[in-house]
Amino acid sequence: MLKYNMFHDIHEECGVFGIYGHTEAANLTYLGLYALQHRGQEGAGICSSDGRQLFLEKSMGLVADIFSEKRLKRLPGYIAIGHNRYSTAGSSMLKNVQPIVANFALGTLAIAHNGNLVSSVDLRTSLEAEGAIFQSSSDSEVIVHLIAHSKGYDFYERVAHAIKEINGSFSLLILREKELIAIRDPYGVRPLSLGMKDGAYVVASETCAFDLIGATFIRDIEPGEVLIINDQGLESLKVFNSHKKAFCVFELIYFSRPDSNIFGGLNVNEMRKEFGRQLAKESDIDADLVIPVPDSGVPAAIGFSEQSKIPFDFGLIRNHYIGRTFIEPKNSIRHFGVKIKLNPVRKLLEGKRLLVIDDSIVRGTTSKKIVKMLREGGGAKEVHLKISSPPTISPCYYGIDTPTRRELIASTHLIDEIRKYVTADSLSYLSLEGLHKIIPNSHNFCTACFDCHYPISFPGEHLNQMEFLFK
Ligand code: AMP
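So, a few notes on the structure that sits alongside this text. Keep in mind that this is a model prediction, so the values were computed, not measured. (Residues numbered from 1 in each chain as written. Predicted model: local features only at pLDDT ≥ 70, side-chain atom pairs only at ≥ 80, totals over all residues. Heavy atoms only, no water.)

Description of the overall build of the chain
Broken down by element type, the chain carries 18 helices and 23 strands. Relative to the compact-globule value of 23 Å for 471 residues, the chain shows a C-alpha radius of gyration of 22 Å, a close match. Oriented by its inertia axes, the alpha-carbon framework of the chain measures out at about 70 × 50 × 40 Å. Within the chain, buried positions represent 61% of all 471 residues. Long-range contacts, defined here as pairs at least 24 residues apart, represent 69% of the contacts in the chain between residues at least 6 apart. Carbon together with sulfur atoms contributes 54% to the accessible area of the chain, which is approximately 18,700 Å² in total. Once the 52 positive and 54 negative side-chain charges of the chain are each reduced to a mean point, those two points are 5 Å apart. (Helix = DSSP H or I, 4+ residues; strand = E, 2+ residues; numbered from the N terminus. Rg over C-alpha atoms; globule rule 2.2 N^0.38 Å. Buried < 20%, exposed > 50% of the residue type's maximum accessible area, 1.4 Å probe, protein only. Contact = heavy atoms within 4.5 Å. Areas by Shrake-Rupley, 256 points an atom, 1.4 Å probe, with all protein chains shown as cover. Lys, Arg positive; Asp, Glu negative; His and termini not counted. Charge placed at Lys NZ, Arg CZ, Asp CG, Glu CD.)

Here's the deal with the packing of aromatic side chains
Under the counting rule described, the total for this entry stands at 16 aromatic pairs. For the pair Phe 155 and Tyr 156, a centre-to-centre distance of 6.3 Å together with 75 degrees between the ring planes defines the contact as edge-to-face. Owing to a relative accessible area of 3%, Phe 155 belongs among the buried residues under this scheme. The exposure class assigned to Tyr 156 is partly exposed, which follows from its relative accessible area of 25%. (Phe/Tyr/Trp six-rings, centres within 6.5 Å; stacked < 30°, edge-to-face > 60°.)

Here's the deal with the pairing of strand β20 (residues 353-358)
Burial of β20 is extensive: five of the six residues sit out of reach of the surface. Here strand β17 (residues 289-292) pairs with β20 via four bridges, running parallel. Pairing of Ile 291 across the sheet is with Val 356, part of β20. The sheet contact formed by β20 and strand β21 (residues 382-387) spans six bridges and is parallel. Of the residues in β21, the one forming a bridge with Leu 354 is Val 383. (Pairing = 2+ DSSP bridges.)

Here's the deal with helix α13 (residues 365-376)
For α13, which comprises 12 residues, the first-to-last C-alpha distance of 17 Å matches the rise-based estimate of 16 Å (1.5 Å per residue) to within 8%. Looking at α13, one finds that the buried residues are Thr 365, Ser 367, Ile 370, Val 371, Met 373 and Leu 374. (Expected span 1.5 Å × (residues − 1).)

Here's the deal with a nonpolar patch on the surface
Together, Leu 31, Tyr 34 and Leu 212 make up a nonpolar patch on the protein surface, roughly 270 Å² of accessible area in all. Residue position: Leu 31 is located in helix α1 (residues 25-35). (Patch = residues over 30% accessible without salt bridge, like charges linked within 9 Å, V, L, I, M, F, W, Y side chains within 5 Å. Salt bridge = Lys/Arg side-chain N within 4 Å of Asp/Glu carboxyl O.)

A short note on the pairing of strand β8 (residues 179-184)
Most of β8 is tucked away, with six of its six residues classed as buried. Burial of the side chains of β8 extends over both faces: Glu 179, Ile 181 and Ile 183 are buried on one face and Leu 180, Ala 182 and Arg 184 on the other. Direction of pairing for strand β7 (residues 168-176) relative to β8: antiparallel, over a ladder of six bridges. Each residue of the ladder has a partner; that of Leu 173, found in β8, is Ala 182. As paired elements, β8 and strand β12 (residues 225-230) share four bridges and run antiparallel to each other. By the bridge assignment, Ile 181 is partnered in β12 with Ile 228.

Re the sheet that holds strand β5 (residues 100-104)
Sheet strands pair via backbone hydrogen bonds, and the direction of the pair is either parallel or antiparallel. Pairing in this open sheet of six strands is antiparallel, and the strands run β5-β6-β7-β8-β12-β13 from one edge to the other. Where the open sheet ends on each side, the last strands, each with one partner, are β5 and β13 (233-238). Strand-to-strand twist of the sheet, defined as the mean angle between neighbouring strand axes without regard to direction, takes the value 20 degrees. Contacts from helix α5 (residues 140-149) reach β5, β6 (107-117) and β7, with the element oriented near 135 degrees to β6. Sheet strands touched by helix α6 (residues 155-165): β5, β6, β7, β8, β12 and β13. Its angle to β8, the strand with the most contacts, is close to 25 degrees. (Axes fitted to C-alpha atoms, helices over the stretch in contact; angles between N-to-C directions.)

Structure below.
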């Protein structure tokens, strides 16, 4: 049974990778998923095809732990797709790990989906009423059933029907016996790029996956594009009329890797440095040292330091051998997490006035612990917290794992109240205007987490807005 709360649907931040036409399809997919590990650490899977049959291997856990050489050998063929899954508690189970494989009238298909369907609960209910039996609670399975139930005359028409029915964000890979299909929702919410390796086409959530396998970037999969890759080469179908774009701003701020170029070639590291520079322009605090909250705050802190001419250093050292604390499903572990992850360098920080840069405050838990740590463990004289994005006031319904509005500290507290809560000497955020100024063609971005303007409507949206107005 799918757990559904109008204000907090199941969120999935994921990574997808696909390759067509390579004798080492599964091995390269394994490497691609490894490069995309930051997009999801709960589970991963690869499905390959030798032209006749599909082969699937998936498990809970990290890519490098899941795929042994023996396991990769069980994935023969020249086409493969892979998926890294990240999800919140409640839906953590193997059944929800992708790719999802299904048999239907026209053969077998596997899908790997990054994004979140806002209409999935209604669609699921009506599909179940028509007799569909779901294996998982993942909204991505809705897409499989829509394709299987479609009355379209061929596979592509079925896919077109299915993606017109769904609403939300989807960067989607479909594997069939003899082809790979890459699809991006008409808003282009999540990134998806096309590349080439040894004459084989590759598709990945982020270009950092191309770098690892030595693939050349060709272009982004366009918003609304259905790209068929098979022995005829590439064919691009136009299923949607031209649409307003809604690239996810949080990919630039936090989620994507800094070495990736996304949304028409924006380098994530460069953008984050620019956010930091703009934050410095908007700031009037004098201090001795700029330090980042690693790793998310590093590029912005460098930008801040360059702009303000205040020296930069690593005042907090991160233990890299644990996952991101935010994804731990139990509260008790998350609270413990910050200490396990970061340690201050007392020799560097003692007696100093610090400017501490992070990319975002969600619940405020991390910042509070960091400020305390810098004062007590680090001996800092003053701790000024600077956030390289505007206050996160609204939950994401399109695939970034933000908590409910009530848990978002900036939704329920004024900036000075947040400052008091995190016990900083001062706190400021990048302005929304500053953010728009930095991002080229920022009208093409979804900034709902900062301004509550949701570009894709979802069930319960008006109630959500009311909750915001009467908070
Ligand atoms: P919090 O303690 O809830 O305020 O978390 C803030 C920290 O979580 C910041 O250091 C962010 O870099 C990080 N963060 C922000 N958004 C996310 C997300 N969707 N998933 C994981 N971590 C996040």
